[in-house]
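What follows is each chain in one-letter form.
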Amino acid sequence: MFDKIKDALSKFARLGVADKAAIDDLVRDLQRSLIQADVDVSLVFKLSKSIKEKALDEKVPKGLTRREHIVNIVYEELVVFLGEEKPKIELKKQKIMLVGLFGSGKTTTTSKLAKFFIKKGLSCGMISCDTWRPAAYEQLKQTAIKLNIDVYGDAKQKDPVKIVKDGLKQFESKEIIIVDSAGRSALDSELAEEIKNIDEVLNADEKLLVLSGDIGQAAKKQAEEFNNLVGLTGVIVTKMDSTAKGGGVLSACHAAGINTKFLGTGEKPDDFEIYDPVRFVSRLLGMGDLEGLLEKAKEAFNPEKAEELMKGEFNLEIFYSQIESMKSMGSLSKIMDMLPLGGAKLPKEMMDVQEGKMNQWRIMIDSMTVAERKNPDILNSSRIERIASGAGVKESELKELLKQFNMMKKMMKKMKGGKGLKRGPMANMMKNFKGLPGM
Ligand SMILES: Nc1nc2c(ncn2[C@@H]2O[C@H](COP(=O)(O)OP(=O)(O)OP(=O)(O)O)[C@@H](O)[C@H]2O)c(=O)[nH]1
Ligand SMILES: [Mg+2]
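Position numbers for residues start from 1 in each chain and track the written sequence from start to end. Naming scheme: in the order in which they are written, chains are lettered from A and ligands are numbered from 1. The predicted origin of the model limits local features to residues at a pLDDT of at least 70 and limits the giving and counting of side-chain atom pairs to 80 or more, whereas totals for whole chains, interfaces and linings rest on all residues. The side-chain values count all of the structure's non-hydrogen atoms but skip hydrogen atoms and water molecules.

A. Fine view of a nonpolar patch on the surface. Patch definition: residues above 30% relative accessible area lacking any salt bridge, with like charges linked at up to 9 Å and the nonpolar side chains Val, Leu, Ile, Met, Phe, Trp and Tyr linked at up to 5 Å. For every accessible area listed, the method is Shrake-Rupley and the probe measures 1.4 Å; residues are considered covered only by the protein chains on display. Counted as salt bridges are all cases of a side-chain nitrogen of Lys or Arg within 4 Å of a carboxyl oxygen of Asp or Glu. A grouping of I35, V41 and F45 is seen on the molecular surface, where their side chains present a nonpolar patch of about 260 Å² in accessible area. By definition, any uninterrupted DSSP run of H or I lasting at least four residues is a helix, any uninterrupted run of E lasting at least two residues is a strand, and each is numbered from the N terminus. Mapping I35 onto the fold places it in helix α2 (residues 20-36).

B. Structural context of the side chain of S181. You can see S181 is positioned in the loop between β4 (176-180) and α8 (189-202). At 2.6 Å, the side chain of S181 forms a polar contact with the backbone oxygen of L98. What makes two residues a contact is simply this: any of their non-hydrogen atoms within 4.5 Å. Aside from chain neighbours lying at most four places away, what touches S181 is L98, V99, K106, C129, D130 and I198. Polar contacts here mean pairs of N or O atoms no more than 3.5 Å apart (in protein, one a potential hydrogen donor and the other a potential acceptor; neighbouring residues in sequence count only if both atoms are side-chain atoms).

C. Up close: the site of ligand 1. We call a residue near a molecule or strand whenever a single non-hydrogen atom of that residue lies within 4 Å of it. Close contacts around ligand 1 come from 21 residues, with G105, K106, T107, T108 and D241 the closest. In the model, an oxygen atom of ligand 1 is placed 3.0 Å from a nitrogen or oxygen of the G103 main chain. Contacts to ligand 1 include T108, whose side-chain N or O atom sits 2.5 Å from an oxygen atom. The fraction of the free accessible surface of ligand 1 (660 Å²) that becomes covered by protein chains is 83%. If one sorts the elements of the shell around ligand 1 by residue count, helix α5 (residues 106-119) sits on top with 4 residues.

D. The environment of K92, seen in detail. Relative to the elements of secondary structure, K92 occurs in the loop between α4 (66-81) and β1 (94-99). Expressed as a C-alpha distance, the spacing of K92 and I176, which sit 84 residues apart in the sequence, is 7.8 Å. Contact partners of K92, with chain neighbours within four places excluded, come to L122, E175 and I176.

E. Main features of the pattern of salt bridges. Scanning the entire structure with this criterion turns up 21 salt bridges. The closest approach of N and O atoms between K174 and D150, which form a salt bridge, is 2.5 Å. Taken together, the positions of K174 in the loop between α7 (160-170) and β4 and D150 in strand β3 (residues 150-152) put the pair 24 residues apart, joining distant regions of the chain. Assessed through its relative accessible area of 16%, K174 is described here as buried. Burial classes: relative accessible area under 20% of the type maximum marks a residue as buried, over 50% as exposed, and values in between as partly exposed (1.4 Å probe, protein chains only). Judged by relative accessible area, which is 38%, D150 ranks as partly exposed. Residues K162 and D166 are paired through a salt bridge, measuring 2.7 Å at the closest nitrogen-oxygen approach.

F. Seen up close, the confidence of the model for the protein chain. pLDDT gives the predictor's per-residue confidence on a scale running from 0 to 100. Confidence along the protein chain averages 83 in pLDDT terms, with 79% of residues attaining 70 or more. In the model, residues 341-347 has pLDDT below 50 throughout and makes 7 contacts with residues more than four positions away in sequence or in other chains.

G. Highlighting unusual backbone geometry. Even without a glycine there, the phi angle at E84 is positive, about 70 degrees. For E84, the location among the structural elements is in the loop between α4 and β1. You can call E84 partly exposed: its relative accessible area is 42%. In this model, K239 sits at a positive phi of 60 degrees, which is unusual for a non-glycine residue. Counting through the fold element by element, K239 comes out in the loop between β6 (234-238) and α10 (246-255). K239 gets classed as partly exposed once you look at its relative accessible area, which sits at 30%.

H. Representation of the packing of helix α1 (residues 3-14) against α4. Where α1 meets α4, the closest approach of the two axes is 10 Å, and the angle between their N-to-C directions is 165 degrees. Judged by the inter-axis angle, α1 sits roughly antiparallel to α4. In terms of crossing hand, the pair formed by α1 and α4 is right-handed. Contact with α1, carried on its side by I5, L9, F12 and A13, involves R67, I70, V71, V74 and L78 of α4 and no other residues of that element. Here the contact of α1 with α4 is built from residues that sort into 8 nonpolar, no polar and 1 charged. Where helices are involved, their axes are fitted lines through C-alpha atoms of the stretch in contact, as for all axes, and angles between N-to-C directions lie from 0 to 180°. Each angle is binned into one of four classes, with values under 35 degrees roughly parallel, values over 145 roughly antiparallel, values of 65 to 115 roughly perpendicular, and all other values oblique. Definitions for this section: a left-handed crossing has its near helix turned counterclockwise from the far helix by less than a right angle. A right-handed crossing has that turn clockwise. Three classes are used: nonpolar for Ala, Val, Leu, Ile, Met, Phe, Trp, Tyr, Cys and Pro, charged for Asp, Glu, Lys and Arg, and polar for all others, with Gly counted as polar.

What follows is the structure in structure tokens.
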């Protein structure tokens, strides 16, 4: 999404002069990109007018080139345009109701949200009161079982209000209760009445409208209608991974005075994040998202494993668990997107190969005996032959794994004797990040 903005800025950054013609050109490119993202035209004009005025009138602060100053203006104006402040998500006892039209992502988001709060240490119960779609409860139950989250529903009960009442009783002791409601193709009088009735018994602290990112500026009308009906406390925008129109939704909600609180970024339970406009725009402009990466790394980091790593012998099992924790940080390409590499990117094909290879490594390690995993030095040619054929790979592929393992082993040795993270690649990344405009 908004890919063209990044392109427009790099084109601008490559120019020798940052004169009026160059600024006009930049603003025109920005306008085109925003309109492609289905941002409302009047909002686009407001934004570009403000960027132009600032770029031409404001004095360039000391220490910045004129070009850097203008890039910074674009960055700051986009942040203001897309929501300004990171929403506060309170970690306290609360009831949350999700509302929205058909297929917007309510049911998927219900379990994503539950998982979010559980990871923060809060107890959670989900109530499915969608009596409209036959398999709605079953859909939520399936994910609930997979993720081990408590869920309440009643496939035979036709009255959503009764389900909510019973669910509330069942989950009295839970800190977080999330209610998944039914959708319709439009907010008609039937849906309006149903939502009002549910809210009367639920008395939700948070009333969140789930909007699919692909509806673009149509979000404005929906957000206003639902807001008039129940008084929304926020919006969750889903499918940000698969649409070019998310910018239209984000700007429309902000203009309507309704905060976007979370983004859905994929179909999996972990493809979910708090919406932070600063972070969002940094990522958009290719400035990386170190904070997001660190948060994910923290979640994936297992202190016991790390201690084991630093103390004991490095073996294939530890190597394997390293791979696993990298995988739980999300797909490699997503991680690469978050790194501040200043636009330098690994080609997508290469990252896909790497992920495929990781899966293969897992299968190979699973084909080894415990002794072999603990001490890969004992892998002679007959063992290599046996493992490769057991895992269904070529011997050269197994040797490649052993090579990577040995490289990592060397690196671990250095780290053990070395300076830790203070002078490692993370520290360098931090330095890079601070040097970026607007940081
Ligand atoms: N790519 C992507 N797909 C998503 C995301 N969120 C939801 N989906 C998909 O969107 C489809 C509809 O999601 P649901 O959660 O069933 O939507 P709903 O609002 O509950 O739909 P109804 O109950 O029919 O009103 C499913 O196929 C989801 O997997 C997201 O963030 N990214
Ligand atoms: Mg649903």
